[in-house]
Amino acid sequence: MEVTRTLARWLVNADSRDVPKEARREGVRSIVNWLGCAVGAARHEAVERALAALLPFAGPRQASVLGRTEKTDILHAALMNGITSHVFDFDDTHLPTIIHPSGPVASALFALAEYRPVSGAELLHAFILGVEAECRIGNAVYPDHYDRGWHITGTAGVFGAAAGAGRLLGLTEQQMTWALGIAGTQSSGFREMFGTHCKSFHPGRAAENGLMSALLAAQNFTSSNQVLEAPRGFANVMSTKQDYARITDGLGESYEVTLNSYKPFACGIVIHPAIDACVQLKREHGLSGDEVERVELIVAPLVLELTGKRTPQTGLEGKFSVYHSTAAALIFGAAGEKQYSDECVRSSRVVALRDRIQAVIDPKKRDDEVLARVTLKDGRVLEKYVEHAIGSRERPMTEADLSEKFHGLVDDILGAEQSSRLLDAAWSLEFLTDAAGICRLATPRSDTERLPLRA
C-alpha cells in the first residue's frame with residue numbers, strides 16, 4: 001500500500017479547475033478568518049516573548065510578522081504567524097478531527113508568497129490542497145491519536161504546510177513524497193501544553209517545519225517514501241488507529257475544507273454550546289449574573305476532559321475552563337478576547353459566579369450540544385437546550401459575521417480604514433495578481449499606499 005506516494009501524486013497533479021465552487025468559497029472564508037486572528041493577536045505577550053527570544057538570531061527581512069512592523073526570514077515569519085493565528089484560540093476548526101487547519105498551512109504559504117511571488121488563485125489552490133492533506137491524515141488516526149495526548153493541529157498540520165508549500169514550489173512527485181516524510185519526522189505537539197504559550201507554538205512550529213520540509217525536498221533532501229504507513233512511521237507510532245483509506249480514497253471527489261467551521265467565541269470549541277446557551281438566557285431574561293443562585297450544565301464527556309479547569313489563573317487557562325466561560329457569558333453576554341484577559345479571569349465578580357457553576361457529564365450528549373439550567377435566587381429555574389452552537393456546520397457564521405469578527409480583531413491594530421482595505425483584499429483573494437499584497441496591507445502604517453492588488 002503506497003499511501004504516502006498516492007497522496008503526493010495527487011497533490012502534485014491536482015488541477016485547480018477541478019475544485020468546486022463550494023470548496024473555493026470555504027477556502028477564502030478560512031483565510032479571512034485566519035488573517036483576522038493572526039493580525040488581531042499581533043501584540044499578545046506570547047508573540048512579544050517569541051520575537052524577543054528569536055529575532056536576534058533570525059535571517060534576512062524576507063516576510064512579514066502580520067500586524068507588526070517587524071520583518072524576518074520566511075521560516076521565522078511562518079512560525080510567528082502560526083503563533084498569532086492560534087494564540088487567541090479563535091481560529092477555525094475542522095470538526096471531524098478538531099484540527100485547526102488554517103494556522104499551519106496559511107502561515108507557511110503567505111510567508112513563502114512574500115519571497116516567491118504567486119497569484120491569489122495559486123495560493124488559494126495550494127491552501128485547499130494543504131488542508132486536504134492535513135485533515136485526511138488526521139481522519140486516518142482520530143480520535144485515538146488525540147486521545148493519546150497528541151495535539152493534532154501540530155502533528156497533522158506539519159503535513160498540510162509541507163503539502164501546500166510543496167505545491168507552490170512546484171515539487172515533483174518524488175520530492176513531494178520526501179517533503180511529507182521530512183514533515184512527518186518533525187510531527188509533534190502535546191495536549192499537556194493547553195493553557196500555555198506552547199499551545200499556539202504548535203501550529204507555528206508546524207508552519208515553519210512544513211515550509212522547511214518543502215524547501216529541503218526541493219533540493220532533493222531525502223526521506224522515507226512511506227512516512228504515513230510504514231510500521232515505524234507516523235500512523236503506527238503515534239496512534240492505535242490507522243485507517244489509510246481515509247487518506248487515499250476519493251481524492252479530488254470531496255474536500256475537507258468544506259467541513260471547516262469558525263468560532264464566535266475565543267476559547268475551546270467544546271465550550272461553545274454552553275456559552276451559546278448562557279448568552280441566550282442572559283438576553284432573553286435580562287440577567288446580570290448577580291441574581292443567579294447556581295448553574296448546572298449537562299455536557300458531553302469531552303467538555304470536562306478538555307476544558308475542566310475549575311480555577312484558571314490566566315486568560316489562556318480561562319479558554320480551557322467551561323466554568324469561567326459560562327460565568328463570563330452570563331455576566332457580559334459575550335466570550336470574546338476581552339473576556340479572556342487575565343483581569344477578567346481573576347475578577348471577583350466572575351470568580352464568585354464561576355464557583356456556583358457545576359458541569360455534569362452525560363455520556364449520551366454529543367460534543368456540540370448542551371442543556372443549561374440556571375436557578376435564580378428568587379426560585380425561578382431557567383433552561384436552554386442547544387443542539388448545535390452558533391458557528392457549527394448546522395448554524396454557520398455568515399460572511400457578514402466573519403467580517404464583523406475580523407473588524408473586532410483587526411481595527412485596533414491597523415485602524416478601521418486599513419482594516420477595511422485588508423478585508424476587501426482577503427475576500428478578493430482569487431483575483432489578486434500578487435498574494436503577498438495581503439501581507440503588505442497587514443503591516444501597520446499610516447501612509448499605506450493603495451496597492452494594485454487585483455488582476
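All of the points below concern the structure found in this document. What you are looking at is a predicted structure, and each value in this text was computed from that prediction instead of being measured. (Residues numbered from 1 in each chain as written. Predicted model: local features only at pLDDT ≥ 70, side-chain atom pairs only at ≥ 80, totals over all residues. Heavy atoms only, no water.)

Observations concerning the overall build of the protein
Phase 1 of the analysis: Tallying secondary structure elements over the protein gives 21 helices and eight strands in all.
Phase 2 of the analysis: Here the protein has a C-alpha radius of gyration of 22 Å; the compact-globule value for 455 residues is 23 Å, and the two agree.
Phase 3 of the analysis: The 455 residues of the protein split such that 60% are buried.
Phase 4 of the analysis: By sequence separation, contacts in the protein at least 24 residues apart represent 76% of the contacts at least 6 residues apart.
Phase 5 of the analysis: One way to put it: in the protein the 49 positive side-chain charges average out to a point 2 Å from where the 57 negative ones average out. (Helix = DSSP H or I, 4+ residues; strand = E, 2+ residues; numbered from the N terminus. Rg over C-alpha atoms; globule rule 2.2 N^0.38 Å. Buried < 20%, exposed > 50% of the residue type's maximum accessible area, 1.4 Å probe, protein only. Contact = heavy atoms within 4.5 Å. Lys, Arg positive; Asp, Glu negative; His and termini not counted. Charge placed at Lys NZ, Arg CZ, Asp CG, Glu CD.)

A look at the environment of Ala161
Phase 1 of the analysis: Locating Ala161 in the fold gives a position in helix H8 (residues 152–168).
Phase 2 of the analysis: With 47 residues separating them in the primary sequence, Ala161 and Glu208 have C-alpha atoms 8.0 Å apart.
Phase 3 of the analysis: Ignoring sequence-local partners within four residues, the contact set of Ala161 consists of Pro104, Val105, Ala108, Ala206, Ala207, Gly210 and Leu211.

A look at the pairing of strand E5 (residues 292–299)
Phase 1 of the analysis: Across six bridges, the pairing between E5 and strand E7 (residues 370–376) is antiparallel. Note on E7: the bridge partner recorded for Val295 is Val374.
Phase 2 of the analysis: Both E5 and strand E6 (residues 357–361) contribute to a ladder of five bridges, which runs parallel. Within E6, the residue paired with Val295 across the bridge is Ile357. (Pairing = 2+ DSSP bridges.)

A word on unusual backbone geometry
Phase 1 of the analysis: A cis geometry characterises the amide bond from Tyr142 onward to Pro143, with omega recorded as 5 degrees.
Phase 2 of the analysis: For Pro143, the location among the structural elements is in the loop between helix H6 (120–141) and helix H7 (144–147).
Phase 3 of the analysis: Within the chain, Asp89 stands out as a residue other than glycine whose phi angle is a positive 55 degrees.
Phase 4 of the analysis: In this fold, Asp89 is placed in the loop between helix H4 (74–87) and strand E3 (93–94).

Regarding the packing of aromatic side chains
The description of an aromatic ring pair rests on the distance of the ring centres and on the angle between the ring planes.
Phase 1 of the analysis: The tally for this structure, following the rule as stated, stands at six aromatic pairs.
Phase 2 of the analysis: Their ring planes at 40 degrees and their centres at 5.3 Å tell us that Trp150 and Phe190 sit as a pair that is tilted. Taken together, the residues Trp150 in the loop between H7 and H8 and Phe190 in the loop between helix H9 (173–184) and helix H10 (197–218) connect sequence positions 40 residues apart.
Phase 3 of the analysis: Look at Trp150 and you get buried, because its relative accessible area is 19%.
Phase 4 of the analysis: Phe190 gets classed as partly exposed once you look at its relative accessible area, which sits at 41%.
Phase 5 of the analysis: Between the NZ or CZ atom of Lys199 and the centre of the ring of Phe194, over which it lies, the distance is 4.9 Å.
Phase 6 of the analysis: It is Arg310 that lies over the ring of Tyr323; its NZ or CZ is 3.6 Å from the centre. (Phe/Tyr/Trp six-rings, centres within 6.5 Å; stacked < 30°, edge-to-face > 60°. Lys NZ or Arg CZ within 6 Å of the ring centre and 35° of its normal.)

Overview of the sheet that holds strand E8 (residues 381–386)
Phase 1 of the analysis: Judged by pairing direction, the sheet is mixed, and its four strands sit side by side in the order E6-E5-E7-E8 without closing on themselves. The open sheet is flanked by E6 and E8, the only strands paired with a single partner. Each strand axis lies, on average, 15 degrees off the axis of its neighbour in the sheet, ignoring direction.
Phase 2 of the analysis: Here helix H13 (residues 272–285) sits on the sheet and contacts E5, E7 and E8; the angle it forms with E8, its principal contact strand, is near 135 degrees.
Phase 3 of the analysis: Contacts from helix H16 (residues 322–332) reach E5 and E6 within the one sheet, and its direction differs from that of E6 by about 125 degrees. (Axes fitted to C-alpha atoms, helices over the stretch in contact; angles between N-to-C directions.)

Some details on the pattern of salt bridges
Phase 1 of the analysis: Across all of its chains, the model carries 28 salt bridges by this definition.
Phase 2 of the analysis: Among the ionic pairs, Lys319 bridges to Glu337, the shortest N-O distance being 2.8 Å. One end of the pair, Lys319, is in the loop between helix H15 (315–318) and H16; the other, Glu337, is in the loop between H16 and helix H17 (342–346), and 18 residues separate them in sequence.
Phase 3 of the analysis: Classification of Lys319 as buried rests on a relative accessible area of 1%.
Phase 4 of the analysis: Sharing partners across several salt bridges, the network here consists of Arg25, Glu26, Arg29 and Glu399. (Salt bridge = Lys/Arg side-chain N within 4 Å of Asp/Glu carboxyl O.)

Let's talk about the side chain of Ser102
Phase 1 of the analysis: Relative to the helices and strands, Ser102 resides in helix H5 (residues 102–115).
Phase 2 of the analysis: Among the residues examined, Ser102 registers a relative accessible area of 0% and is labelled buried.

So, the side chain of Ser325
Phase 1 of the analysis: Take Ser325: it is sitting in helix H16.
Phase 2 of the analysis: Ser325 gets classed as buried once you look at its relative accessible area, which sits at 0%.
Phase 3 of the analysis: Only 2.7 Å separates the side chain of Ser325 from the side chain of Tyr340, close enough to count as a polar contact.
Phase 4 of the analysis: The residues contacting Ser325, other than those within four sequence positions of it, are Cys267, Ile271, Ile275, Gly318 and Tyr340. (Polar contact = N/O pair within 3.5 Å; in protein donor to acceptor, adjacent residues only side chain to side chain.)

Let's talk about the packing of helix H2 (residues 21–40) against H6
Phase 1 of the analysis: At a closest axis distance of 10 Å, the pairing of H2 and H6 adopts a crossing angle of 95 degrees. Here H2 lies roughly perpendicular to H6, going by the angle between them. Residue-level contacts link Ala23, Arg24, Gly27, Val28, Ser30 and Ile31 of H2 to Leu123, Leu124, Phe127 and Ile128 of H6.
Phase 2 of the analysis: Along the lines of polarity and charge, the residues of the contact of H2 with H6 split into seven nonpolar, two polar and one charged. (Parallel < 35°, antiparallel > 145°, perpendicular 65-115°, else oblique. Nonpolar A, V, L, I, M, F, W, Y, C, P; charged D, E, K, R; others polar.)

Let's talk about the pairing of E8
Phase 1 of the analysis: Only one face of E8 is buried, namely the one carrying Leu382, Lys384 and Val386, since none of Val381, Glu383 and Tyr385 on the opposite face is buried.
Phase 2 of the analysis: The pairing of E7 with E8 spans six bridges and is antiparallel. What sits directly across from Leu371, in E8, is Tyr385.

Things to note about the packing of H8 against H10
Each pair of packed helices can be summarised by the angle the axes make with each other and by the distance between the axes.
Phase 1 of the analysis: Here H8 crosses H10 at 35 degrees, and the two axes come no closer than 7 Å. In the packing of H8 onto H10, the handedness of the crossing is right-handed. Judged by residue contacts, Thr153, Gly154, Gly157, Val158, Ala161, Ala162, Ala165 and Gly166 of H8 engage His202, Pro203, Ala206, Ala207, Asn209, Gly210, Leu211, Ser213 and Ala214 from H10. (Left-handed = near helix turned anticlockwise from the far one by under 90°.)

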